[in-house]
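A look at the structure
Residue-level listing of the chains:
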Amino acid sequence: MSKEENNQMPQEEGLDNTLKVLKEGYQFIMNRRHTMQSNVFETKILGEKTICMSGSKAAEVFYDSQKFRRADAAPSRLKKTLFGEGGVQGLDGEAHFHRKAMFMNVMNSSTLAEIRTLTNKYWEKEAAKWEEKEKVVLAEDSKSILAQIACEWAGVPLEEEDVDKTAQQLGDTFEASAAVGPAHWKGRRSRSKLEDWITELVSEIREGTRNVPEDRPLYQFTWHKDHEGKLLDEKIVAVEILNLLRPMTAISVYIAFTAQALEQYPEEAERLKDGEDGKLQRFIQEVRRFYPFFPFTAARVNQTFTWEGYEFEEGTLTLLDLYGTNHHQEDWTNPALFQPDRFKEWDESPFNFIPQGGGEFSIGHRCAGEWITIDILKESVNFLVNKLHYELPEQDLSFSMDDIPSIPKSKMILTNVKRTS
Ligand code: HEM
Ligand code: MYR
């Protein structure tokens, strides 16, 4: 049959497959891609017909903003915990372009230089405390490092006594993303408290009772005017400031996986001892490709179109497999192997390496914080390898492919921590 004709898209049986998504986690789309021998198929999730797509060619279509929109794509329970309501993730067209520029304007080279300095400052500060502790739980304790980097850079005042509590609350919002029951409600409560805290700061700045330096994101977002020339609602400013603080704290997950990789691939770790920038970069890029974090992202078909002979009907919920694309055999050689040097050959396509989304930053929904993530991770892996001594006691370093988000099961316990330089 010609690709131009409308074929029946491969379809998964079953009235609703939500439980299978929760059970199979990161491998839900990949498992069906293999059995159906197709990069695109249809299923039913949360009671709704849903298309799933994987691979760089699918990513290219998914990031065509004529074909897909974001309005009403994220499930409401995810907005209550992870994203917040009214933020950049759910905007389209002119409104998105304008809001995204607000983010990208603060992602400049002086920000990145400051982020690298702050990363070292707060690793030093917390590592000094860790020397006094019997054990450190890296996936937990690194959240405090990250929350302090985020707040200082963003211009959000954070008292010393509030650091750990705030870091935990930010953690609750992303840990609750796919949770049901008590963890979900904990995430909601933490989001409300965080939103109230930032909303109050925004209102003080607007009333003139609080000063924040003009170059800081808190000031910039507070006085940002939307595409119609209006200031954002205070609550929306809070949601967007939390769209900086929350994901920066979530880098703790990648830090835990980085430490896991250093342990599992000792020859690769050894090579990082000269601190050479290119090697650090390739190592953390492979961490972002190899380990599971953000499983898939969601959009809705904007106007009916045909791709590969299949009809995508206007309004249909569509998931792009981020994890599966990073592991797709059509895009990667030996995708199941941890090989940092693969990035020597990488073609820099915006569609095959998409742990933080693909396509373009300004007109698309690619992660605004990808450069910050890379720089924090480079400084962090260098700190772990070249500035810190630690031991890993007996523990479970494995990680689950079912839990979203996943982390090493023991959360990376470190003992005998000492700074070495
Ligand atoms: C969007 C992942 C860190 C800010 C996204 C998306 C993903 C992602 C998958 C959505 C892409 C899409 O829907 O097409 C991650 C991961 C991170 C991370 C795994 C590691 C911890 C950061 C950081 C920041 C940030 C550090 C800010 C400093 C954002 C924003 C968006 C976004 C504002 C929305 C962009 C838009 O809708 O246009 N991220 N991110 N993220 N991320 Fe990140
Ligand atoms: C962030 O905080 O924005 C970055 C890290 C959070 C990762 C949490 C992964 C859960 C995503 C659930 C699926 C999204 C479907 C739209």
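As shown above, the structure is provided for reference.
The structure reproduced in this document is the subject of the present report. (Residues numbered from 1 in each chain as written. Chains lettered and ligands numbered in written order. Predicted model: local features only at pLDDT ≥ 70, side-chain atom pairs only at ≥ 80, totals over all residues. Heavy atoms only, no water.)

With respect to unusual backbone geometry
In this model, Ile404 is joined to Pro405 through a cis peptide bond whose omega is -10°. One non-glycine residue, Glu348, lies in the positive phi region at around 60°. Turning to its location among the elements, Glu348 is positioned in the loop between helix H14 (322–326) and helix H15 (370–386). Judged by its relative accessible area of 60%, Glu348 falls in the exposed class. If you check the backbone angles, Asn416 has positive phi at about 50° while not being a glycine. (Helix = DSSP H or I, 4+ residues; strand = E, 2+ residues; numbered from the N terminus. Buried < 20%, exposed > 50% of the residue type's maximum accessible area, 1.4 Å probe, protein only.)

What to know about the coordination of the iron atom of ligand 1
For the iron atom of ligand 1, the protein supplies a single donor, Cys367 (SG), at a distance of 2.3 Å. Tracing the backbone through its elements, the reader meets Cys367 in the loop between H14 and H15. (Donors = N, O, S within 2.8 Å, 3.2 Å for Na, K, Ca; no water.)

Some points on the site of ligand 2
For ligand 2, the full set of nearby residues is Leu78, Leu82, Ser177, Arg246, Pro247, Ala250, Phe293, Phe294, Pro295, Phe296, Ala298 and Ile404. At a separation of 2.7 Å, an oxygen atom of ligand 2 approaches a polar side-chain atom of Arg246. Notes on ligand 2: free accessible area 490 Å², of which the protein chains cover 90%. Those elements that provide at least two residues to the shell around ligand 2 are helix H4 (76–83), helix H11 (234–264) and strand E5 (296–301). Here the shell around ligand 2 takes 3 residues from H11, the largest share from any one element. Classifying every residue of the shell around ligand 2 gives 10 nonpolar, 1 polar and 1 charged. (Near = heavy atom within 4 Å. Polar contact = N/O pair within 3.5 Å; in protein donor to acceptor, adjacent residues only side chain to side chain. Areas by Shrake-Rupley, 256 points an atom, 1.4 Å probe, with all protein chains shown as cover. Nonpolar A, V, L, I, M, F, W, Y, C, P; charged D, E, K, R; others polar.)

A short note on the site of ligand 1
Taken together, the neighbourhood of ligand 1 is formed by 29 residues, with Tyr63, Arg70, Thr297, His365 and Cys367 sitting nearest. Between an oxygen atom of ligand 1 and a side-chain N or O atom of His365, the distance comes to 2.6 Å. Of all elements in the fold, only helix H5 (93–104), H11 and H15 reach the threshold of two or more residues within the shell around ligand 1. With 7 residues, H11 is the single largest residue contributor to the shell around ligand 1. Across the shell around ligand 1, the residue classes break down as 16 nonpolar, 10 polar and 3 charged.

What to know about the sheet that holds strand E9 (residues 388–391)
If you trace the 3 strands from one edge of the open sheet to the other, you get E4-E10-E9, paired in antiparallel fashion. Each edge of the open sheet carries a strand with a single partner, namely strand E4 (135–137) and E9. When the angles between neighbouring strand axes are averaged without regard to direction, this sheet yields 50°. Across the sheet, helix H6 (residues 109–130) lies against E4, E9 and strand E10 (413–419), angled at about 110° from E10, the strand it touches most. (Pairing = 2+ DSSP bridges. Axes fitted to C-alpha atoms, helices over the stretch in contact; angles between N-to-C directions. Contact = heavy atoms within 4.5 Å.)

Points about a nonpolar patch on the surface
The grouping of Leu19, Leu22 and Val180 at the surface amounts to a nonpolar patch, some 320 Å² of accessible area in total. Assessed through its relative accessible area of 70%, Leu19 is described here as exposed. (Patch = residues over 30% accessible without salt bridge, like charges linked within 9 Å, V, L, I, M, F, W, Y side chains within 5 Å. Salt bridge = Lys/Arg side-chain N within 4 Å of Asp/Glu carboxyl O.)

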